[in-house]
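Structural characterization, general
Single-letter residue listing:
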4 protein chains.
Amino acid sequence: MPGLMACRAEFGPAQPFKGARITGSLHMTIQTAVLIETLAALGAEVRWCSCNIFSTQDHAAAAIARDSAAVFAWKGETLQEYWWCTERALDWGPGGGPDLIVDDGGDATLLIHEGVKAEEEFAKTGKVPDPESTTNLEFQMVLGLIKESMKVDPLRYHRMKERLVGVSEETTTGVKRLYQMQASGTLLFPAINVNDSVTKSKFDNLYGCRHSLPDGLMRATDVMIAGKVAVVCGYGDVGKGCSAALKVAGARVIVTEIDPICALQALMEGLPVLTLEDVVSTADIFVTTTGNKDIIMLDHMRKMKNNAIVCNIGHFDNEIDMQGLETFPGVKKITIKPQTDRWVFPDTNSGIIVLAEGRLMNLGCATGHPSFVMSCSFTNQVIAQLELWNERKSGKYEKKVYVLPKHLDEKVAALHLPKLGARLTKLSPDQAEYINVPVDGPYKPAHYRY
Amino acid sequence: MPGLMACRAEFGPAQPFKGARITGSLHMTIQTAVLIETLAALGAEVRWCSCNIFSTQDHAAAAIARDSAAVFAWKGETLQEYWWCTERALDWGPGGGPDLIVDDGGDATLLIHEGVKAEEEFAKTGKVPDPESTTNLEFQMVLGLIKESMKVDPLRYHRMKERLVGVSEETTTGVKRLYQMQASGTLLFPAINVNDSVTKSKFDNLYGCRHSLPDGLMRATDVMIAGKVAVVCGYGDVGKGCSAALKVAGARVIVTEIDPICALQALMEGLPVLTLEDVVSTADIFVTTTGNKDIIMLDHMRKMKNNAIVCNIGHFDNEIDMQGLETFPGVKKITIKPQTDRWVFPDTNSGIIVLAEGRLMNLGCATGHPSFVMSCSFTNQVIAQLELWNERKSGKYEKKVYVLPKHLDEKVAALHLPKLGARLTKLSPDQAEYINVPVDGPYKPAHYRY
Amino acid sequence: MPGLMACRAEFGPAQPFKGARITGSLHMTIQTAVLIETLAALGAEVRWCSCNIFSTQDHAAAAIARDSAAVFAWKGETLQEYWWCTERALDWGPGGGPDLIVDDGGDATLLIHEGVKAEEEFAKTGKVPDPESTTNLEFQMVLGLIKESMKVDPLRYHRMKERLVGVSEETTTGVKRLYQMQASGTLLFPAINVNDSVTKSKFDNLYGCRHSLPDGLMRATDVMIAGKVAVVCGYGDVGKGCSAALKVAGARVIVTEIDPICALQALMEGLPVLTLEDVVSTADIFVTTTGNKDIIMLDHMRKMKNNAIVCNIGHFDNEIDMQGLETFPGVKKITIKPQTDRWVFPDTNSGIIVLAEGRLMNLGCATGHPSFVMSCSFTNQVIAQLELWNERKSGKYEKKVYVLPKHLDEKVAALHLPKLGARLTKLSPDQAEYINVPVDGPYKPAHYRY
Amino acid sequence: MPGLMACRAEFGPAQPFKGARITGSLHMTIQTAVLIETLAALGAEVRWCSCNIFSTQDHAAAAIARDSAAVFAWKGETLQEYWWCTERALDWGPGGGPDLIVDDGGDATLLIHEGVKAEEEFAKTGKVPDPESTTNLEFQMVLGLIKESMKVDPLRYHRMKERLVGVSEETTTGVKRLYQMQASGTLLFPAINVNDSVTKSKFDNLYGCRHSLPDGLMRATDVMIAGKVAVVCGYGDVGKGCSAALKVAGARVIVTEIDPICALQALMEGLPVLTLEDVVSTADIFVTTTGNKDIIMLDHMRKMKNNAIVCNIGHFDNEIDMQGLETFPGVKKITIKPQTDRWVFPDTNSGIIVLAEGRLMNLGCATGHPSFVMSCSFTNQVIAQLELWNERKSGKYEKKVYVLPKHLDEKVAALHLPKLGARLTKLSPDQAEYINVPVDGPYKPAHYRY
């Protein structure tokens with residue numbers, strides 16, 4: 001992870017995070033361990049939880065717990081345990097919460113926002129949150145946690161909010177939530193959108209998934225990808241990476257899309273764009289990458305071929321209708337091995353293979369993205385956390401969502417080139433003037449798409 | 001060109017351009033002919049010139065001249081003739097200039113801005129422009145033209161400026177100039193940056209060049225690309241398209257870059273990033289795509305292998321040091337066929353093959369981009385021109401540079417899907433709400449990179 | 001063409017073809033010109049015709065006619081002219097025919113065999129050939145030619161046969177005919193099957209077509225291949241090359257096959273295998289590569305989309321039912337440009353675009369294979385001709401079909417490596433013994449498939 | 001494994017192997033388990049061992065041992081144990097050995113041949129084999145085993161030979177040995193070369209490795225392949241598959257080759273051909289695929305970058321100089337996880353990562369080839385065993401090496417098409433006659449290369 005190593009070398013001696021408490025909610029893998037160690041090496045105190053019940057690598061968690069930070073994460077948490085872990089990671093004792101949050105999907109941020117909302121309601125009306133008020137199982141747990149917390153301390157999340165300098169968010173889903181909160185005026189602290197750094201969204205999402213999708217498929221099922229028909233739902237960066245990997249492995253890839261621009265991109269790469277209904281009964285492999293919900297529903301799964309493989313590499317497990325599947329009368333779940341289940345429908349005796357219970361299959365069935373690509377993402381995180389912390393008193397960041405300035409994005413890229421033997425060309429001052437950029441960058445306008 | 005046909009069907013009956021004079025400066029090819037006919041079908045009067053001395057397809061120019069517009073363009077213009085044509089296309093007679101400009105590279109826009117500047121100088125100081133004041137041959141011609149014009153009418157370009165509603169610009173180079181003028185406060189009228197519509201920059205630049213680079217190479221030289229070493233200077237959209245085409249044809253592709261982010265993208269696709277100096281004496285094919293100047297210089301060319309092929313697919317011919325080559329003492333130019341010249345150095349008796357005299361090789365040696373991709377670009381042009389014209393009195397557009405709103409960009413894509421048999425998925429209202437977009441789009445935030 | 005140049009350097013001084021008359025029937029292109037010059041440089045006298053009515057490059061024919069050999073070939077021969085040219089190329093005057101034949105498709109060989117057969121019939125029964133005895137137009141011309149010839153000299157083809165040392169055959173179709181003649185015991189002289197040298201079949205057929213199929217498509221139609229659906233009939237070496245080229249250009253490729261092994265290969269590359277009937281009405285581009293006949297019939301063409309492109313890159317034009325198309329009542333042929341015709345059906349007013357009148361589209365619409373790959377093929381030809389001539393008295397070659405020994409095949413490859421900067425590894429004697437091959441090769445058993 | 005299932009359906013009822021004893025020496029994986037069960041389902045008695053000390057999947061071995069056959073194999077055998085297992089699998093008790101052998105690499109066949117040789121020597125001279133007569137550790141064990149066996153029964157291998165109907169051999173290395181024995185006249189029984197069925201060599205070797213090489217790399221090291229420089233030693237079918245997989249994953253691939261034809265093929269795919277010495281100190285990943293020995297030697301490994309990955313996917317572990325590495329003074333072996341070792345050199349403190357101790361990395365670090373491709377290979381095995389057994393009394397097979405007739409090869413392919421949704425085209429009788437093949441195949445001449 002050359003970018004993180006370079007950060008330690010450059011910033012470590014000055015201990016810029018001296019006095020900062022950082023809470024992270026992000027897959028507790030060996031790559032994340034290097035991120036945590038880097039934050040610690042720069043002076044921070046760190047508490048950590050995972051943002052997915054299956055993605056923790058227990059040996060990584062153990063090593064970090066021993067050496068660098070308080071860790072609340074293990075592979076195979078229940079949902080109840082998951083939210084308990086999140087709450088633990090935010091709890092820095094009587095003095096309140098963290099100064100900074102590293103979030104992935106926005107669950108830590110959500111918990112604080114919901115906590116503050118409930119406390120405000122309570123202050124106004126005396127009502128405590130009612131878990132029965134929602135049918136969403138996961139949200140019931142969030143409300144339950146807050147309810148318990150309010151019994152002890154009805155201003156806990158308020159104090160947390162007061163202390164917070166900001167959050168840096170890792171992924172599309174969390175960023176979407178942040179922009180919604182910004183739009184509705186409910187965002188409680190500044191946020192840096194790390195996901196939309198080029199060196200994140202175009203590397204982690206695209207090249208990371210190009211690597212880890214086939215890795216997960218092969219480890220979970222040993223299926224030969226060549227010759228198979230694969231459906232990729234969504235052709236954003238994740239979908240592009242997945243489609244590319246499947247295509248070059250010899251699959252026939254079909255894309256589903258709502259956005260005509262992304263659809264036209266798929267077509268230009270030789271991929272037909274159809275609806276899920278068109279292909280549900282003839283394809284062998286289904287991958288959801290949309291970041292949306294309700295993509296592959298129970299009725300789709302019932303129409304699939306025997307032993308069709310269904311998996312999700314988008315952020316949440318609600319892309320696949322797991323609840324519909326689990327509650328279908330008479331369905332049988334046969335665990336082939338951990339994270340690889342065959343679900344057999346009673347009427348047809350035909351079954352489908354679901355990976356990682358519909359959660360991120362690359363983390364559940366393999367080891368997630370490789371270190372090199374995570375180094376790009378996490379170097380952005382370190383730089384974002386530094387930026388928030390260094391500017392905590394300057395007023396530079398309001399309660400809004402920001403992306404990192406382009407010169408920092410370019411810096412992240414530059415830190416990763418030497419490892420791959422690359423040699424950049426230098427602009428002459430004359431050339432720089434001709435295209436109207438500084439000799440040392442940034443080289444592109446903000447709207448540039450790469 | 002399904003997008004242009006759809007525009008005629010949708011807008012033609014209302015004749016929205018009734019009364020509008022449009023001057024275009026854009027490669028006079030058969031695809032452009034369809035654009036011109038579309039503008040005319042929507043009610044406009046049109047005058048046209050090419051933006052490149054080699055890119056005119058004479059049969060296309062002739063057909064347009066006969067049926068639809070005044071055309072000043074032929075294949076193989078001299079530079080003098082080129083600027084004469086540009087000035088003719090802007091000259092709508094005593095009443096002044098055009099209402100709208102379709103520009104490609106910004107030469108029509110440049111001429112007006114330089115004309116206005118010179119007229120202002122003259123009004124203040126009585127000085128007329130002096131072509132001898134610059135060593136740039138082409139700029140000498142521009143100043144000469146303006147000088148002649150001022151003898152007849154010292155306020156001609158002022159009147160032109162007054163009438164002008166705006167310009168829509170086609171390509172990176174022209175857009176760069178526009179942003180520079182905006183930054184320096186010298187932009188004289190509103191401009192729409194068509195180049196940065198996704199359906200332009202990510203289609204024309206990327207997929208267009210992926211098609212037309214090998215087409216130009218094969219038509220000009222019949223070279224077998226497989227097995228050769230090719231150097232692509234620049235890994236922007238054009239460079240990405242060229243590199244992809246060369247790689248899949250079996251070449252070993254080496255990229256040169258100044259931008260660490262683009263460099264890292266090249267590496268992720270398996271392309272080494274080196275400097276031109278590293279590879280100049282061992283590669284077989286050199287392609288410039290930078291939009292910058294002084295990329296392949298005389299000294300580079302003298303070090304190349306015998307019969308190395310040198311070509312440019314960036315906007316201007318100054319990416320290759322043609323002036324240095326032409327003026328090298330004793331150099332011999334042997335024309336193998338039109339647009340394909342072998343330049344032999346006297347000292348080594350070794351020669352290189354330069355395509356299209358350093359100008360756009362895909363237009364000089366082949367027929368440019370295929371109609372399908374140009375339909376995307378030109379549908380953006382039509383929509384941009386409509387937008388400028390419809391809003392000419394609303395004050396919506398100031399003297400700034402704008403990109404088209406995303407829903408129009410998505411519309412351009414949608415118009416091209418049926419031809420390729422694609423079927424889009426529809427968002428449910430529930431899903432749309434979940435990801436916080438309208439059911440009918442736009443589906444992505446402005447900063448989305450595709 | 002590095003292999004041919006190397007042959008001249010190695011063999012030229014000894015003039016091994018001194019006294020040999022060589023007749024060639026092979027596309028008269030600039031690459032063939034270098035082959036002819038090489039044969040001449042090694043001492044041969046040469047007469048030449050083309051083996052395809054459209055494939056002659058007139059400037060190449062003219063240059064050869066001026067400097068090196070008697071040439072009977074021009075672009076756009078009628079069938080009648082074609083066979084006249086073939087007969088002229090075989091006519092070395094009173095002394096009889098050639099010593100050696102370079103054949104492509106076997107037409108020169110066919111003419112001699114039919115001539116001998118007719119002369120034998122005449123000697124036995126006094127019957128002369130009757131062109132009316134067949135409905136095959138082309139075969140009528142062959143019989144007509146022989147009939148005329150017999151009036152002058154009823155033993156002409158017998159004398160030709162007597163003199164002939166052998167033939168080296170270039171392509172699959174001709175080779176098939178030779179093996180049929182060998183099987184039926186009617187082969188009149190030794191034949192070397194150049195087509196099945198690895199450096200021919202796996203290079204010319206595969207890499208040559210991968211280059212020249214898109215070249216022909218783009219020059220003829222400027223069609224954007226990306227996004228289109230292309231059907232490739234046949235997945236032999238030619239079909240593999242065509243499919244690869246179309247796929248990487250962004251087309252969705254569908255393969256038709258009769259052979260389950262080749263079909264399974266296509267599937268492993270991600271290409272669906274279907275029948276022509278399955279896809280005839282939805283595809284955009286159709287390419288025949290089978291070497292068989294009656295692949296795309298009139299009824300197929302009538303079901304195609306408007307402006308579907310139909311072309312053949314297999315040896316003969318009977319892969320496409322041109323006769324059915326030409327004779328369909330009311331069909332209109334609109335020549336867009338030479339070798340690119342739109343055929344409009346009267347009932348639907350819908351039309352298809354047929355390239356090169358169903359003949360080899362890469363030669364009819366572009367310039368055939370690039371020199372590098374033809375250098376591989378033609379170096380095999382030179383070496384085969386040398387082998388036949390050198391062994392003409394040794395009895396090594398009987399009236400059978402032979403392939404070149406593997407060490408000569410490897411030699412052809414080796415002659416082409418330096419140009420591409422390759423550096424071979426050398427076996428140690430110990431390693432050579434371990435895998436039981438000579439240190440200098442041949443390195444593979446005869447059955448090795450590469 | 002559709003081919004094996006189809007065999008059971010077609011042949012099972014007739015019990016053609018009734019009375020046949022089959023010994024197999026072939027990686028004891030779950031795919032092999034299906035092969036064993038198929039042989040048993042057709043009536044055979046079966047004993048089995050693995051042909052590689054690391055490739056056994058213990059759960060597969062256990063299941064077979066319980067249900068279908070005697071199994072002598074476990075993951076992580078010592079060499080001593082390996083040869084003991086081989087000898088056990090050949091020992092069918094007092095009545096002698098097996099009727100048929102399924103061999104992979106030829107170790108079972110070797111043991112019998114060496115046994116017979118030693119027994120003959122003993123009969124002639126009274127000498128027993130002397131393990132000290134060789135420095136090859138593995139051959140010492142073979143001789144040791146035979147020596148022990150001779151003490152008990154000096155004609156044991158003779159009786160084994162007498163009973164043996166024949167062997168079907170799975171892989172290149174074993175086939176090479178068989179041809180050497182045929183050439184030297186020492187082959188003791190008929191052999192069918194299954195490796196050179198098209199549906200084996202072109203599927204297992206090529207597509208199997210294209211799947212399992214990256215699988216093994218990712219499971220063992222989680223390395224990001226994109227951006228790395230990979231060296232593939234050997235460009236036969238295995239090397240082609242590995243190179244293709246690495247290239248499409250974004251690596252820069254360099255090939256080393258001894259054979260100019262294969263070298264030229266690599267170049268045509270855009271892969272530079274260099275020597276190992278040229279690149280040893282700059283590459284990140286090294287893969288041996290040659291089937292030869294002494295490819296990556298100690299001196300190479302000492303020059304590699306820190307943490308370079310070295311692995312072998314050719315048959316034997318002697319492609320990498322493991323002995324040199326293990327015995328280098330002061331070298332430290334750090335086991336990162338089973339089958340993934342870091343070897344640190346004492347002088348530089350730099351280390352390389354060696355997978356599977358130099359043995360087949362796809363079997364040692366992953367699960368070998370996927371079932372679909374193994375179904376092709378193993379259906380060939382079943383058909384070969386049937387052929388040998390059915391013809392055991394007909395004299396059809398002499399003590400020579402045979403390949404399966406092409407119609408059986410095509411049958412294997414055809415059995416795998418329905419699973420992938422393919423639809424073959426049928427030849428018309430007229431077309432079949434035109435290309436001179438039967439309507440139902442075989443469709444290609446023996447020398448066809450696919």
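Only a predicted model underlies this, so the values are computations on that prediction, with no experimental measurement involved.

**Examining the sheet that holds strand 5 (residues 166–169) of chain B**
All names here are of chain B. Pairing in this open sheet of seven strands is parallel, and the strands run 3-2-1-4-5-6-14 from one edge to the other. Looking at which strands have only one partner, the edges of the open sheet turn out to be strand 3 (70–72) and strand 14 (401–402). As judged from the three bridges shared by strand 5 and strand 6 (residues 191–193), these two strands associate in the parallel manner. Opposite Ser-168, over in strand 6, you have Ile-192 as the bridge partner. Together, strand 1 (21–25) and strand 2 (45–49) form the strand contacts of helix 2 (residues 30–41), whose direction differs from that of strand 2 by roughly 160 degrees. Across the face of the sheet, helix 5 (residues 107–125) comes into contact with strand 1, strand 4 (100–103) and strand 5 while running at roughly 125 degrees to strand 4.

**Here's the deal with helix 2 (residues 30–41) of chain C**
Residue and element names in this part refer to chain C. Taking 1.5 Å per residue as the helical rise, helix 2 with its twelve residues ought to reach 16 Å, and the 16 Å between its terminal C-alpha atoms agrees with that figure. On its buried face, helix 2 sits against helix 1 (2–11), strand 1 (21–25), strand 2 (45–49), helix 3 (58–67) and helix 16 (371–390). A positive backbone phi angle near 110 degrees is found at Gly-43, which sits one or two residues after helix 2.

**A word on the UniProt feature "binding site: substrate" (unreviewed entry) in chain A**
Residue and element names in this part refer to chain A. If you check UniProt for "binding site: substrate" (unreviewed entry), the listed places come out as Thr-29, Asp-104, Glu-170, Lys-200 and Asp-204 in our numbering. Examined against the element boundaries, Thr-29 turns out to sit in the loop between strand 1 (21–25) and helix 2 (30–41). Only 3.2 Å separates the side chain of Thr-29 from the side chain of Gln-31, close enough to count as a polar contact. Relative to the elements of secondary structure, Asp-104 occurs in the loop between strand 4 (100–103) and helix 5 (107–125). Discounting chain neighbours no more than four positions away, the residues touching Asp-104 are Ser-25, Leu-26, His-27, Cys-51, Glu-169, Glu-170, Thr-171 and His-315.

**So, the relation of the copies chain C and chain B**
Under the fitted operation, chain C is carried onto chain B by 0.0 Å of movement along the axis and a turn of 180 degrees, and the coordinates agree to an RMSD of 0.0 Å. This pairing of chains is accounted for by a two-fold axis.

**Observations concerning the interface of chain A and chain B**
Taken residue by residue, the interface counts 67 residues in chain A and 67 residues in chain B. Here chain A meets chain B over a buried area of about 6400 Å², counting both sides, of which 59% is carbon and sulfur. Of all residues in chain A, Ile-258, Tyr-434 and Arg-449 of chain A bury the most surface against chain B, accounting for 13% of the area lost on that side. Applying the counting rule to chain A against chain B returns eight salt bridges. The closest approach of N and O atoms between Arg-210 of chain B and Glu-269 of chain A, which form a salt bridge, is 3.3 Å. Those elements that place two or more of their residues in the side of chain A that touches chain B are helix 8 (172–184), helix 9 (198–221), helix 10 (237–248), helix 11 (260–268), helix 16 (371–390), helix 17 (406–416) and helix 18 (429–435) of chain A. Looking at the side of chain A that touches chain B element by element, the count peaks at eight residues for helix 11 of chain A. Residue composition of the side of chain A that touches chain B, grouped by class: 30 nonpolar, 18 polar and 19 charged.

**Regarding the pairing of strand 10 (residues 308–312) of chain A**
All names here are of chain A. Within strand 10, five of the five residues are buried, which leaves the element mostly enclosed by the surrounding structure. Residues Ala-308, Val-310 and Asn-312 line one face of strand 10 and the alternating positions Ile-309 and Cys-311 line the opposite face, and both faces are buried. In the classification by handedness, the crossover that spans strand 9 (residues 285–288), the intervening helix 13 (residues 298–303) and the parallel strand 10 is right-handed. Direction of pairing for strand 10 relative to strand 13 (residues 351–355): parallel, over a ladder of three bridges. For Ile-309, the partnering residue across the bridge sits in strand 13 and is Ile-353.

Conventions and cut-offs
- Per-chain numbering applies: the sequence of each chain, read as written, is numbered from 1 onward.
- Each chain takes a letter, starting from A, and each ligand takes a number, starting from 1, following the order in which they are written.
- Thresholds applied to this predicted model are a pLDDT of at least 70 for local features of residues and 80 or more for the giving and counting of side-chain atom pairs; totals over whole chains, interfaces and linings are not thresholded and use all residues.
- The side-chain figures draw on all heavy atoms in the structure; neither hydrogens nor water molecules are used.
- By definition, two strands form a pair when at least two bridges between them are found by DSSP.
- Under the DSSP-based scheme used, a helix requires at least four consecutive residues in state H or I and a strand at least two consecutive residues in state E, with every element numbered from the N terminus.
- Only heavy atoms enter the contact rule, under which two residues are in contact if any of them lie within 4.5 Å.
- As a rule, the C-alpha atoms of each element are fitted with a line to give its axis, helices using only the stretch in contact, and angles between N-to-C directions run from 0 to 180 degrees.
- Expected span of a helix, by definition, is 1.5 Å for each gap between consecutive residues, and there is one gap fewer than residues.
- UniProt positions are given in the numbering used here, feature names are shortened, and annotations may be inferred rather than shown by experiment.
- Counted as a polar contact is a pair of N or O atoms within 3.5 Å, where, for protein atoms, one must be capable of donating a hydrogen and the other of accepting one, and residues adjacent in sequence contribute only when both atoms are in side chains.
- Copy-to-copy alignment: least squares on C-alpha atoms, limited to residues at pLDDT 70 or above in both.
- Buried area: the sum, over both parts, of the accessible surface (1.4 Å probe) that disappears when the two are put together.
- The salt bridge criterion pairs a side-chain nitrogen of Lys or Arg with a carboxyl oxygen of Asp or Glu, the two atoms within 4 Å.
- As a working rule, the residues Ala, Val, Leu, Ile, Met, Phe, Trp, Tyr, Cys and Pro are called nonpolar, Asp, Glu, Lys and Arg charged, and the rest polar, with Gly in that last group.
- Exposure classes here rest on a 1.4 Å probe applied to the protein chains alone. A residue is buried below 20% of its type maximum, exposed above 50%, and partly exposed in between.
- Seen with its strands pointing away from the viewer, a crossover is right-handed when the path leading from the first strand over the helix to the second is clockwise.

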